[in-house]
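# Coordinates in review
Below, each chain spelled out in residue letters.
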Amino acid sequence: MPKTPKTLRPKTRGPKSPTPKSLDKTDGAKAAGKKASAKKSATTPGKSTKHTIVPTPLPAAPQATSDVLDRLFAVVTARRGTDPSLSHSARLLARGRRKIAQKFGEEAVECLIEAVAGNRDELVGESADVLYHLIVMWVDAAVQPEEIWAELQRREGVSGIAEKAARPHDPLAG
Ligand SMILES: N=c1c2ncn([C@@H]3O[C@H](COP(=O)(O)OP(=O)(O)OP(=O)(O)O)[C@@H](O)[C@H]3O)c2ncn1[C@@H]1O[C@H](COP(=O)(O)O)[C@@H](O)[C@H]1O
């Protein structure tokens, strides 16, 4: 039976909407303020009192940073050789390099489709899929994330235009 195209399958992962509003500190404080003033007017109808209710700030959501990539790499590395029925990473790693590369390619294509279509939220979700599958590929190939970070750092401050112009001229390139 032909496989259902992945784009038609329901996605179980991927933030389809940005950070929930309830996690937003500013909105939370606003909401708490509204609630407090509603309470206040309910207890003192038509008259203001000298009591001020200070809203309790909601705890801030932990800041998401790119450190998550290092943590994900450690988790995927630890999954290697574990029960494939319990871990998607273990399953992918057990299926081998070709399958891992294929999955990465599929996710990359889905990512570019969303980019071209201008679907911003879907692009965020697909980008996370691409990074996850790229990390599985690094684990399979025994590439450490630090090697990638070092390569990016080496390139820092070097314009791509300047780098290309400095390459030895290839007479066959025209
Ligand atoms: N970030 C991810 C992540 N992104 C996507 N996926 C999974 O990737 C799968 C993609 O499904 P597909 O149908 O495309 O792929 P498939 O099941 O290989 O299907 P076929 O193509 O073989 O038919 C889904 O099961 C997603 O849940 C992920 N699975 C795991 N992680 C991270 O990896 C950690 C470890 O996960 P496990 O290894 O599953 O414990 C988790 O805690 C997460 O942090």
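Scroll up to find the structure this text is about.
Attention here is on the structure that accompanies the text.

Each value, and the rule that gives it
Residues numbered from 1 in each chain as written. Predicted model: local features only at pLDDT ≥ 70, side-chain atom pairs only at ≥ 80, totals over all residues. Heavy atoms only, no water. Axes fitted to C-alpha atoms, helices over the stretch in contact; angles between N-to-C directions. Helix = DSSP H or I, 4+ residues; strand = E, 2+ residues; numbered from the N terminus. Parallel < 35°, antiparallel > 145°, perpendicular 65-115°, else oblique. Left-handed = near helix turned anticlockwise from the far one by under 90°. Contact = heavy atoms within 4.5 Å. Nonpolar A, V, L, I, M, F, W, Y, C, P; charged D, E, K, R; others polar. Buried < 20%, exposed > 50% of the residue type's maximum accessible area, 1.4 Å probe, protein only. Polar contact = N/O pair within 3.5 Å; in protein donor to acceptor, adjacent residues only side chain to side chain. Core = buried A, V, L, I, M, F, W, Y, C linked by side-chain atoms within 4.5 Å. Salt bridge = Lys/Arg side-chain N within 4 Å of Asp/Glu carboxyl O.

### A short note on the packing of helix H4 (residues 97-117) against helix H5 (residues 120-141)
One can describe the packing of H4 onto H5 by two numbers: an axis separation of 8 Å at closest approach and a directional angle of 160°. The angle between the axes of H4 and H5 places the two elements in the roughly antiparallel class. The handedness of the crossing between H4 and H5 is left-handed. Of H5, the residues touching H4 (which contributes Arg97, Ile100, Ala101, Lys103, Phe104, Glu107, Ala108, Glu110, Cys111, Glu114 and Ala115) are Glu122, Leu123, Glu126, Ser127, Asp129, Val130, His133, Leu134, Val136, Met137, Asp140 and Ala141. By residue class, the composition of the contact of H4 with H5 is 12 nonpolar, 2 polar and 9 charged.

### A look at the packing of helix H2 (residues 67-79) against helix H6 (residues 145-155)
Taken N-terminus to C-terminus, the directions of H2 and H6 make an angle of 150°; their axes are 10 Å apart at the nearest point. Taken together, the axes of H2 and H6 lie roughly antiparallel to each other. Here Leu69, Asp70 and Phe73 of H2 lie close against H6, whose contacting residues are Pro145, Glu146 and Trp149. Residue composition of the contact of H2 with H6, grouped by class: 4 nonpolar, no polar and 2 charged.

### Here we look at the side chain of Asp140
Assignment of secondary structure puts Asp140 in helix H5. Accessibility expressed as a relative area gives 16% for Asp140, which makes it buried. At 2.6 Å, the side chain of Asp140 and the side chain of Arg97 are in polar contact.

### Observations concerning the nonpolar core
Grouped together as the largest cluster of nonpolar side chains are 11 residues: Leu69, Phe73, Val76, Leu92, Leu93, Ile100, Tyr132, Ile135, Val136, Trp138 and Val139. Put simply, the parts of the chain that give this core at least two residues each are H2, helix H3 (88-95) and H5. With 5 residues, the top contributor of residues to this core is H5. Aside from chain neighbours lying at most four places away, what touches Phe73 is Ile135, Trp138, Val139, Val143, Gln144 and Pro145.

### Concerning the pattern of salt bridges
Summed over all chains, the structure comprises 6 salt bridges. Where Arg97 meets Asp140, a salt bridge forms, and the shortest distance between an N and an O atom there is 2.6 Å. Of this pair, Arg97 sits in helix H4 while Asp140 sits in helix H5; the two residues are 43 residues apart in sequence, bridging distant segments of the chain. Here Lys103 makes a salt bridge to Glu106, at a shortest N to O gap of 3.1 Å. With Lys103 and Glu106 both in helix H4, this residue pair falls 3 residues apart, about one helical turn. For Lys103, a relative accessible area of 14% gives the class buried. Each of Glu151, Arg154 and Arg155 takes part in one network of salt bridges that share partners.

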